[in-house]
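# Coordinate analysis (summary)
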Amino acid sequence: MHGRDASPPPSPADRRLTAIARHLEGSSAVDMDSIAASPTSASARNSVFDHVVRAPEDPILGVTVAYNKDASPVKLNLGVGAYRTEEGKPLVLNVVRRAEQMLVNNSSRVKEYLPIVGLADFNKLSAKLILGADSPAVQENRVTTVQCLSGTGSLRVGAEFLARHYHQRTIYIPQPTWGNHLKIFGLAGLSVKTYRYFCPSTRGLNFQGLLEDLGSAPSGAIVLLHACAHNPTGVDPTPQQWEQIRQLMRSKALLPFFDSAYQGFASGNLDIDAQPIRMFVADGGECFVAQSYAKNMGLYGERVGALSIVCRSADVASRVESQLKLVIRPMYSNPPIHGASIVAMILKDRNMFQEWTIELKAMADRIISMRQKLFDALRSRGTPGDWSHIIKQIGMFTFTGLNSEQVAFMTKEYHIYMTSDGRISMAGLSSRTVPHLADAIHAAVTRLA
Ligand code: PLA
């Protein structure tokens, strides 16, 4: 066997993935022959990776990289959606600290591997949290839930499962959407298309466009839906619009894949924010849900999340789960235990759950109060334009309407860091920093109209 290439020749699917990966890395196809033939310096000749092109930073996480390099005392990071206190500090919830303390004090706890699908209690409780404690789908064992690496990992495992086992390989994602969606689903081997979602002139939902695009999607296509607090627009359908979307999707057998990264952050209430998902589950049809505890429990770096697949029978659900294990095992074998143990403890204990909902509501309320403060600050400066969308939009972000030139100006002159699409993380603002942001926006829109 030595010296033989054991791998089979690349399949068309492999070649497609490589092409996507190259594209995402920011490099076009690489001509290996011309590299081998071209004269190179002695040191460069030594590397077998000479052809590797420097990739651009991630459009969201790269903002933090740039922010960290800035020495200015007034710098402000409104890029990544991470909650900050009024003092501008990251927050670990009291209830999370308490749960961690109890875990540490319990000497009977060990660090064995979890099963491939993760912590059983965590999975059951996560399904109930998103689908409702009295959900018939949960009671009838029609839901399979697997613990995954936060929201991203849950989306990726769901995407890989669909690419292997679902007859339709096209997924529709909203335009715009969280930037990682395209990459997650594309690299899993699905063909990604967009549906109209946002109307720049009204800064609201393009409901007509959405209905038209989903209405002309091929039967069976997968549709990615943000459960609440749409990222980056902060614009959600109304309950009546959700009902129309549901009817249209079910009539065309479109498969809903919900991304729930902000349960509790939109309204401050966990049940209200889960309502769109529960509407789809209540009709008895299939549904995918990716849940993240990054934001609502502040467990960002612990990477805790879950993928639930609602099926039509318990038998199908258990077969689906057996295949999810085959997806997960060669990816990361099994998920980490610590974060899921914290979540399970909080969801299981009545008092801790109650304490969590209060802390969650306080985070949501602080974000809402920042919206009002920023709106008032722009109004008092007489900043040109209608800024009412700041108070109308929902969740962690405001989609300001600032263009990339204005964003670049604010970063250069005011040391304010945000994504180039004009999205700001309201959770990163405080009463102290609102005037600085308002000054920057005012200067940007008056100088670079
Ligand atoms: N889905 C949506 C809609 C998100 O906004 C995010 C995170 C995730 C999934 C994934 O979160 P998780 O894997 O950490 O659970 N979006 C952030 C961070 C907050 C990021 O880009 O990774 C954002 O700033 O948009």
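The rules behind these values
Residues numbered from 1 in each chain as written. Predicted model: local features only at pLDDT ≥ 70, side-chain atom pairs only at ≥ 80, totals over all residues. Heavy atoms only, no water. UniProt positions renumbered as here; feature names shortened; annotations may be inferred. Helix = DSSP H or I, 4+ residues; strand = E, 2+ residues; numbered from the N terminus. Buried < 20%, exposed > 50% of the residue type's maximum accessible area, 1.4 Å probe, protein only. Polar contact = N/O pair within 3.5 Å; in protein donor to acceptor, adjacent residues only side chain to side chain. Contact = heavy atoms within 4.5 Å. Patch = residues over 30% accessible without salt bridge, like charges linked within 9 Å, V, L, I, M, F, W, Y side chains within 5 Å. Areas by Shrake-Rupley, 256 points an atom, 1.4 Å probe, with all protein chains shown as cover. Salt bridge = Lys/Arg side-chain N within 4 Å of Asp/Glu carboxyl O. 1 Å grid on protein atoms, 1.4 Å probe; cavity = no way out; pocket = protein on both sides within 12 Å on 5 of 7 lines; lining within 4 Å. Points joined across faces, edges and corners; volume = space filled by probe spheres on them. Nonpolar A, V, L, I, M, F, W, Y, C, P; charged D, E, K, R; others polar. Core = buried A, V, L, I, M, F, W, Y, C linked by side-chain atoms within 4.5 Å. Domains from an automatic or database assignment. Pairing = 2+ DSSP bridges. Near = heavy atom within 4 Å. Phe/Tyr/Trp six-rings, centres within 6.5 Å; stacked < 30°, edge-to-face > 60°. Lys NZ or Arg CZ within 6 Å of the ring centre and 35° of its normal.

Per an unreviewed UniProt entry, the protein chain carries the name Aspartate aminotransferase and comes from Buddleja alternifolia. Of the protein chain, the UniProt comment under Catalytic activity (unreviewed entry) reads exactly: "L-aspartate + 2-oxoglutarate = oxaloacetate + L-glutamate". Looking at the Subunit (unreviewed entry) heading of the UniProt record, one finds this comment for the protein chain: "Homodimer."

Now for the side chain of Q263. Note that Q263 resides in the loop between β8 (255-260) and α12 (270-282). Residue classification places Q263 among the buried residues on the basis of a relative accessible area of 2%. A distance of 3.1 Å separates a polar side-chain atom of Q263 from the backbone oxygen of L129. Side-chain polar atoms of Q263 contact the backbone oxygen of L270, separated by 3.1 Å. When neighbours within four sequence positions are excluded, Q263 is seen to be in contact with L129, I130, C228, L270, D273, A274, R278, Q291, N296 and L360.

We now examine a nonpolar patch on the surface. Taken together, V48, F49 and V52 make up a surface patch of nonpolar side chains, about 350 Å² in accessible area. By the secondary structure assignment, V48 is in the loop between α3 (42-45) and α4 (61-69).

All right, on to empty space enclosed by the protein then. The gaps of empty space that remain are located by a probe, the size of a water molecule, rolled over the atoms. Scanning the entire structure with this criterion turns up one cavity of 30 Å³ or more. In this structure, the largest cavity occupies an estimated 40 Å³ of space. Lining the largest cavity are Y195, Y197, L210, L225, H226, H230, P237, W242 and I245. Per-class residue counts for the lining of the largest cavity are seven nonpolar, two polar and no charged.

In terms of nonpolar packing, the biggest core is built from 64 residues, with W356, L374 and M410 touching the most fellow members. Among the secondary structure elements, those contributing two or more residues to this core are α5 (94-105), α6 (120-131), β10 (304-310), α14 (338-348), α15 (350-381), α17 (404-414) and α18 (434-447). The dominant element in this core, judged by the number of residues it contributes, is α15, at ten residues. Inspection of this core shows a minimum of three residues originating in each of domain 1 (61-91 + 365-447) and domain 2 (113-348). Beyond its immediate stretch of four places on either side in the chain, L374 contacts I390, I424, M426, L429, V434, L437, A438 and I441.

A few words on the pairing of strand β9 (residues 287-292). Within a regular strand, side chains alternate between the sheet's two faces. Counting buried positions along β9 yields six of six residues, so the element is predominantly enclosed. By the alternation rule, side chains of β9 split into C287, V289 and Q291 and F288, A290 and S292, which are all buried. Taken together, the four bridges between β8 and β9 define a ladder with parallel strand orientation. Its bridge partner lying in β9, D259 is registered against A290. Bridging between β9 and β10 involves six bridges; their strand directions are antiparallel. By the bridge assignment, V289 is partnered in β10 with S308.

Let's shift gears to the site of the ligand. In the vicinity of the ligand lie 18 residues, with S150, T152, D259, Y262 and S292 positioned nearest. A distance of 2.5 Å is found between an oxygen atom of the ligand and a side-chain nitrogen or oxygen belonging to T152. Interatomic distance of 2.6 Å between a side-chain N/O atom of N231 and an oxygen atom of the ligand. Notes on the ligand: free accessible area 530 Å², of which the protein chains cover 92%.

Right, let's get into the packing of aromatic side chains. A full pass over the atoms with the stated rule returns twelve aromatic pairs. Note on W242 and F258: the rings are 5.9 Å apart at their centroids and 45 degrees apart in plane angle, and the pair reads as tilted. Of this pair, W242 sits in helix α11 (residues 239-251) while F258 sits in strand β8, and the two are 16 residues apart along the sequence. Seen from their ring centres, F353 and W356 are 5.6 Å apart, and the 80 degrees between their planes marks the pair as edge-to-face. One end of the pair is F353 and the other is W356, both in helix α15 and three residues apart, which spans about a single turn. Assessed through its relative accessible area of 27%, F353 is described here as partly exposed. On the basis of relative accessible area, W356 is assigned to the buried category, the value being 0%. Taken together, the ring pairs connect F161, F185, F257 and F288 into an aromatic cluster. Seen from the ring of Y67, K75 lies directly overhead, with NZ or CZ sitting 4.4 Å from the centre.

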